[in-house]
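# Descriptive analysis of the structure
Spelled out, the chains give:
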Amino acid sequence: MTLVAPSILSADFACLGEEVKRLEKAGADCVHIDVMDGQFVPNLTIGAPVVKALRKETNLPFDVHLMIQHPENLIPDFIQAGADWISVHAEACVHLHRVRQMIHEGGKKAGVALNPATPLTSVQYLLKDVDYILLMTVNPGFGGQPFIRHVLPKIQELRQMIREQADERPIYIEVDGGVNQETGTLCVQAGADILVAGSYVFSYTELEKPIRQLQTLHSSL
Ligand code: DX5
Ligand code: ZN
């Protein structure tokens, strides 16, 4: 089964507490939280205090995607706020391995995110030390952008890299950006384990429908 992580970037910000409760009720596997700093990406979203407030509203794991410069400065705040999975961008970290170590020392799952143009070689030598790789299928910064198809071979290559480095521990491939039923199918066929979907999920009144549809993509292959 494919895991589905709806992004609350497309939720109603005026009632985020209610929105995460709706996601839980609709069967989402976790909540994807997009943190943007207006520096690494040209947009500003939410910070650790909002994550802390949302923590009281749901038991779903929080998958926090840090699109920020110097993530090491804020990781302790996000850990304290209740993040469960934390990803940082390879492009934003000079000492990427040290940053992932910080996340692990805080007892959380560590992921590395890559922009569409960033090659897989940037994670090749730390693959065994992370829990997941987040492949961006849009340029980070905004919800509702079209899926970049050229990333599909990258998903396949990463799947192969993970297979070659075979370990007891799973290393998940998460994809983020422009995911809907059609593009989600292509991602799962290429080897993705976790689909992030924002505008697609929240375009439905009944959130259960798109979530279930994406979760069962495997079985439709
Ligand atoms: C983009 C974010 C995504 C975004 C996905 O910078 O990282 O998580 O919310 O939104 P959609 O699914 O609308 O592309
Ligand atoms: Zn994201």
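An account of the accompanying structure is given in this report. Sequence order sets the numbering: in each chain, residues are counted from 1 along the sequence as written. Written order decides the labels, with chains lettered from A and ligands numbered from 1. Whole-chain, interface and lining totals are the exception, using all residues; otherwise, since this is a predicted model, local features are given only for residues with pLDDT of at least 70 and side-chain atom pairs are given and counted only at 80 or more. As a rule here, side-chain values cover all heavy atoms of the structure and leave hydrogens and water aside.

### With respect to the site of ligand 1
Whether a residue is near a molecule or strand depends on its heavy atoms: it is near if one of them lies within 4 Å of it. For ligand 1, the set of nearby residues contains 20 residues, the closest of which are D34, G141, D176, G198 and S199. Note on areas: Shrake-Rupley with a 1.4 Å probe; residue coverage comes only from the protein chains shown. Its free accessible area being 380 Å², ligand 1 has 100% of it covered by the protein chains. Where helices and strands are cited, they refer to DSSP runs of H or I of at least four residues and of E of at least two residues respectively, numbered from the N terminus. For the shell around ligand 1, the secondary-structure elements that each account for two or more residues are β2 (31-36), β3 (62-67) and β8 (194-197). The biggest single contributor to the shell around ligand 1 is β2, with 3 residues. Residue classes in the shell around ligand 1 are distributed as 8 nonpolar, 10 polar and 2 charged. Gly falls in the polar group here, along with every residue not listed as nonpolar (Ala, Val, Leu, Ile, Met, Phe, Trp, Tyr, Cys, Pro) or charged (Asp, Glu, Lys, Arg).

### Regarding helix α6 (residues 152-164)
What a helix is expected to span follows from its residue count: subtract one and scale by 1.5 Å. Spanning 13 residues, α6 covers 19 Å between terminal C-alpha atoms, matching the ideal 18 Å at 1.5 Å per step. In this structure, the buried residues of α6 make contact with β5 (109-114), α5 (121-124), β6 (132-136), β7 (172-176) and α7 (181-190). In what follows, a contact means two residues having at least one pair of non-hydrogen atoms within 4.5 Å.

### A word on the sheet that holds β7
Judged by pairing direction, the sheet is parallel, and its 8 strands sit side by side in the order β1-β8-β7-β6-β5-β4-β3-β2 without closing on themselves. Strand pairing shows two members of the sheet lacking a second neighbour, β1 (3-6) and β2, which therefore form its edges. Here the strands of the sheet are splayed against their neighbours by 25° on average, with no regard to which way each runs. Bridge count between β5 and β6: 4 bridges; the pairing is parallel. Counted as the bridge partner of V112 is I133 from β6. Should DSSP find at least two bridges between two strands, the strands are taken to pair. Axis geometry follows a simple rule: fit a line to the C-alpha atoms, using only the stretch in contact for helices, then measure angles between N-to-C directions, giving values from 0 to 180 degrees.

### Re the coordination of the zinc ion (ligand 2)
Protein coordination at the zinc ion (ligand 2) comes from H32 (NE2), D34 (OD), H65 (ND1) and D176 (OD), with a distance range of 2.0 to 2.3 Å. Distances up to 2.8 Å from the metal define which N, O and S atoms are donors, and 3.2 Å serves for Na, K and Ca; water is absent from the atom set, so sites may look incomplete. For the zinc ion (ligand 2), the single-chain donor residues occur in sequence as H-x1-D-x30-H-x110-D. Taken together, the residues span a long stretch of sequence, with H32 in strand β2 and D176 in strand β7 at a distance of 144 residues. As far as the burial class goes, H32 and D176 line up, both buried. A simple rule labels every residue: compare its accessible area, found with a 1.4 Å probe on the protein chains alone, to the largest value its type can have, and call it buried under 20%, exposed over 50%, or partly exposed in between.

### A short note on the environment of A110
If you trace the backbone, A110 turns up in strand β5. C-alpha separation for the pair A110 and D129, spaced 19 residues apart in sequence, amounts to 8.5 Å. Look past the residues within four positions of A110 in its chain and what remains in contact with it is I86, R100, I103, H104, V130, D131 and Y132.

### Considerations on the packing of aromatic side chains
For Phe, Tyr and Trp, rings pair up if their centres lie within 6.5 Å, where Trp contributes its six-membered ring, and each pair is then called stacked (planes under 30 degrees apart), edge-to-face (over 60) or tilted (otherwise). Within this structure, the stated rule accounts for 3 aromatic pairs. Measuring from ring centre to ring centre gives 5.9 Å for W85 and Y172, while their planes differ by 50°; the resulting arrangement is tilted. Taken together, the residues span a long stretch of sequence, with W85 in strand β4 (residues 85-89) and Y172 in strand β7 at a distance of 87 residues. Ring geometry for Y200 against Y204: centres 5.5 Å apart, planes inclined by 80°, an arrangement best described as edge-to-face. The partly exposed category is assigned to Y204, whose relative accessible area is 24%. Aromatic rings pair up to connect W85, Y132 and Y172 into one cluster. Geometry around F62 places R55 over its ring, the cationic atom sitting 3.9 Å from the centre. Criterion for a charge above a ring: Lys NZ or Arg CZ within 6 Å of the ring centre, and within 35 degrees of the ring normal.

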